[in-house]
Amino acid sequence: MNYIPETLIFLVAFAIIAVASKRLSQYFQKLKLPLITGFIIVGVVTGPYFLNLVTTESVQNLGFINDIALAFIAFAAGTELFLKEIRSKIGNIIRMTISQLVVTFAVSFVIIILLSKYIPFFSGLPYPMVVSISILVSTIFIARSPSSFIAIINEIRAKGPFTKTALGVTVIVDTIVILIFSINFSLVNTIISGANFDLQHIILIVVDLIISVFLGFVIFKILEFLLSLRIIPFITMVIFLLIGWGIFALTDIVELTSSKYLPYTFHIEPLLSGLVAGFVLTNYSKYRINLQMIIEKASPYVYVAFFTFAGISISIDILIESWIIALVFFFVRIVAVIISTTVGGIINKIPKRHLIVNWSAYITQAGVSFGLIMLIAEKFPSWGSELASILIAVVVLNQFIGPPLLKWAIGFVGESHKKAKISEFTGNRDVIIFGFEGASITLAKVLKQHNWNVKLVTQICDIPKDTCKIVDVETIPDFTHENLKKLKIENAETIVLMKSDEINYKICELAYEKFAVPNIIVQLSNRLDFNKFRKLDAIVVEPSTAIISLLDHFVRSPKATSVLLGTDSEKDTTDIEILDNDIHGLALRDIRFPQDILVLSIFRNNKLITSHGYTVLKKHDIITVLGSEKSLEEVRLKFQ
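Residues numbered from 1 in each chain as written. Predicted model: local features only at pLDDT ≥ 70, side-chain atom pairs only at ≥ 80, totals over all residues. Heavy atoms only, no water.

1. Re the nonpolar core
Piece 1. If you look at the biggest cluster of nonpolar residues, it comprises 130 residues, and the most contacted ones within it are L223, F240, F329, I376 and L387.
Piece 2. The residues touching I376, leaving out its near neighbours within four places in the chain, are L136, I140, F181, F185, W383, G384 and L387.
Piece 3. Listed in part, the 26 residues of the second largest apolar core include I489, I495, A511 and F515. (Core = buried A, V, L, I, M, F, W, Y, C linked by side-chain atoms within 4.5 Å. Buried < 20%, exposed > 50% of the residue type's maximum accessible area, 1.4 Å probe, protein only. Contact = heavy atoms within 4.5 Å.)

Spelled out as structure tokens, the structure:
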């Protein structure tokens, strides 16, 4: 009777630690450490071996958190394998995947067996046990981290054959490793139990896997029905996690019941069932987007709980004694990855430049690896906890060096498309408008009235002389990198794109990657292209909806809207970048502004700051100010 209240107390205590872990891990990110490393370290510090805020007894009672997270990881792994996204390079991806699966496992297994006599962890263990542990470790060495890979390619906007192949391989390997682990896990169970490994046992292992796959299809149908209901998203997410927990509960029930009433104990592989459910729902259901949204919403909470719990579960005393083993395993995996990727690269006949760095794209490990490790610790408590502590250290090392290596490799092969570094502002308000039409000419006239240096760029050769007298017009044959460079686009504070969406995107991408133009404004034709422009930090104006939004603001706040649009002849707004070193470090209240100036906001490090008198200004802050044209110019001179 005391079990439930006690578990609830443990759960509340762990929830508080998880919240603290989420907050504290942000400081680890500032030190360029992976987020999950922060979770694990917080878990270690609060666990039984340091602060003892979570005792060993608590860890045992909170095992269901691990089960929920493991099922979620299996679902997420299944959703990552979206077949339509990898079909363009499927041949290269399949060959590289097979190479990594076979060669990484074989090389790791052979090296571990050869080194086992020199590794203290294996001392005194019977040879079948050494073989079993080597099988499990080699399987975990196969796992990768699609989430870390995707985060890196989004950060540096990587694209190209090297990136596409590596991402496809990473996703497939991280999915198939769950199937391989399920097979090897059943095999190890048979070896450790001491049963004779004959045809009957092979058949029973296959039956276990078939039941697991069938259960995956059943779960797929349950999830499909759940997603078809119009339920509040939060409740859907909770039910989704409970279904995952139910897989592990059903696994235990089947195992206990079959061992009691049948001559053979059936072992359902819950990770395989979750993987199948996620994969089928992603590729053969209309609810792929719904499932993806649930996973995106739940993943921050699940991963905080899972990795913090993993940190709490680490046996620090064992890890201190076995850190040399962790380093040995770490280097064994590096060697296996280098050999497997080299073999795969040679088979695929990839360029020599790609072959040199191919291995560095496959080092990172994360969720699935941890999931498999925690499953070993849970299934084999006598030696699994010790092995788990060692393997967690290996995964943390891989997570620490993997992302920088991947970023370097993508840059080395020339597939990184990071934003160019913004050059020092010249102090001139220069704007380049691409497009030659009534709207662009009118915009140029208005900007000139506000003392901007305006240049119109077009491909039209016959420009009316009257227009050339009003604004500077330049004709170029094509919007290439060389032609944009001749325009000195890197000196422009703003560019305005008023061409077709296709041409606008070409210019926008070059301005983002090569010239680092601070402000890119795009007049959009097709609203479906909105997101791709926003990824390039462009300010997107869609004419079809802009007028509605404008009228809405005029109705709700006519005076403020008039000021912001500049239709109020007495007041105007502008953005000013702080370039004067004397302004750096001063609070707003310590700066003498003209009487009619109001500071509306401050933009710093891509974040909007609501200003007040005690806000301290920094160089390169962009402040938005309201006032008369004369006063605005006075502030501009003071700050720039």
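2. Notes on the packing of helix α4 (residues 63-80) against helix α13 (residues 288-313)
Piece 1. Across the interface, α4 lies against α13 with an axial gap of 9 Å and an inter-helix angle of 140°. As summarised for this structure, α4 and α13 are arranged oblique, according to the angle between their axes. α13 is crossed by α4, and the crossing has left-handed handedness. Along its contact with α4, which presents G63, I65, N66, A69, L70, F72, I73, F75, A76 and T79, the element α13 presents L291, I295, A298, S299, V302, Y303, A305, F306 and F309.
Piece 2. Split by residue class, the contact of α4 with α13 holds 15 nonpolar, 4 polar and no charged. (Axes fitted to C-alpha atoms, helices over the stretch in contact; angles between N-to-C directions. Helix = DSSP H or I, 4+ residues; strand = E, 2+ residues; numbered from the N terminus. Parallel < 35°, antiparallel > 145°, perpendicular 65-115°, else oblique. Left-handed = near helix turned anticlockwise from the far one by under 90°. Nonpolar A, V, L, I, M, F, W, Y, C, P; charged D, E, K, R; others polar.)

3. Focus: the environment of F530
Piece 1. Topologically, F530 is positioned in helix α23 (residues 530-534).
Piece 2. Along the primary structure F530 and D501 are separated by 29 residues, whereas in three dimensions their C-alpha atoms are 9.8 Å apart.
Piece 3. Ignoring sequence-local partners within four residues, the contact set of F530 consists of L524 and V540.

4. Quick word on helix α2 (residues 35-46)
Piece 1. With 12 residues, α2 ought to run about 16 Å at 1.5 Å a step, and its terminal C-alpha atoms sit 17 Å apart, in line with that.
Piece 2. For α2, the tally of buried residues reaches 9 of 12 residues, placing the bulk of the element in the interior.
Piece 3. Three or more residues of α2 are buried, namely I36, T37, G38, F39, I40, V42, G43, V44 and T46. (Expected span 1.5 Å × (residues − 1).)

5. A word on the sheet that holds strand β8 (residues 598-604)
Piece 1. Taken together, 4 strands build an open sheet; the order of strands is β7-β10-β8-β9 and the sheet is antiparallel. Among the strands making up the open sheet, the edge pair consists of β7 (572-577) and β9 (607-609). Adjacent strand axes in the sheet meet at a mean angle of 25° when their direction is disregarded.
Piece 2. Strand direction decides the pairing type here: β8 and β9, joined by 3 bridges, are antiparallel. Across the sheet, residue I602 finds its bridge partner in β9, namely I609. (Pairing = 2+ DSSP bridges.)

6. Regarding the side chain of S285
Piece 1. Within the secondary structure, S285 sits in the loop between α12 (270-283) and α13.
Piece 2. Separated by 3.1 Å, the side chain of S285 and the backbone nitrogen of Y287 make a polar contact.
Piece 3. Leave out the neighbours within four places in its chain, and S285 touches F220, E224 and V280. (Polar contact = N/O pair within 3.5 Å; in protein donor to acceptor, adjacent residues only side chain to side chain.)

7. Quick word on the sheet that holds strand β6 (residues 539-541)
Piece 1. Pairing is parallel in the open sheet, where 6 strands are placed in the order β3-β2-β1-β4-β5-β6. Edge strands, defined here as strands with exactly one partner in the open sheet, are β3 (472-475) and β6. Direction aside, neighbouring strands of the sheet carry axes that sit 20° apart on average.
Piece 2. By the bridge criterion, 4 bridges tie strand β2 (residues 453-458) to β3 in an arrangement that is parallel. Note on β3: the bridge partner recorded for T458 is T475.
Piece 3. Along the sheet, helix α19 (residues 438-449) contacts β1 (430-434), β2 and β4 (494-497); its crossing angle with β2, the most-contacted strand, is approximately 165°.
Piece 4. On the sheet, helix α22 (residues 501-515) packs against β1, β4 and β5 (519-523) and is oriented at approximately 175° with respect to β5.

8. Quick notes on unusual backbone geometry
Most peptide bonds take the trans configuration, and most residues that are not glycine carry a negative phi.
Piece 1. A positive phi angle is found at K349, which is not glycine, with a value near 55°.
Piece 2. As for its position among the elements, K349 is in the loop between α15 (323-348) and α16 (352-357).
Piece 3. Within the chain, D537 stands out as a residue other than glycine whose phi angle is a positive 60°.
Piece 4. Its location among the elements puts D537 in the loop between α23 and β6.
Piece 5. On the accessibility criterion, D537 (41% relative accessible area) is partly exposed.

9. Some thoughts on the pattern of salt bridges
Piece 1. By the definition in use, this model includes 6 salt bridges.
Piece 2. Its salt-bridge partner being E224, residue K221 comes within 3.6 Å of it at the nearest N-O pair. Taken together, the residues K221 and E224, both in helix α10 (residues 199-228) and 3 residues apart, mark about one turn of the helix.
Piece 3. Note that D621 and R604 form a salt bridge whose closest N and O atoms lie 2.7 Å from each other. Within this pair, whereas D621 is found in the loop between β9 and β10 (622-627), its partner R604 is found in strand β8, the two being separated by 17 residues in sequence.
Piece 4. The exposure class assigned to R604 is buried, which follows from its relative accessible area of 17%. (Salt bridge = Lys/Arg side-chain N within 4 Å of Asp/Glu carboxyl O.)

10. Focus on the environment of G613
Piece 1. With respect to the element layout, G613 can be found in the loop between β9 and β10.
Piece 2. Its relative accessible area of 31% is what places G613 among the partly exposed residues.
Piece 3. Separated by 25 residues in sequence, G613 and L588 have C-alpha atoms that sit 5.1 Å apart.
Piece 4. Once residues lying within four places of it in the same chain are set aside, the contact partners of G613 are A587, L588 and R589.

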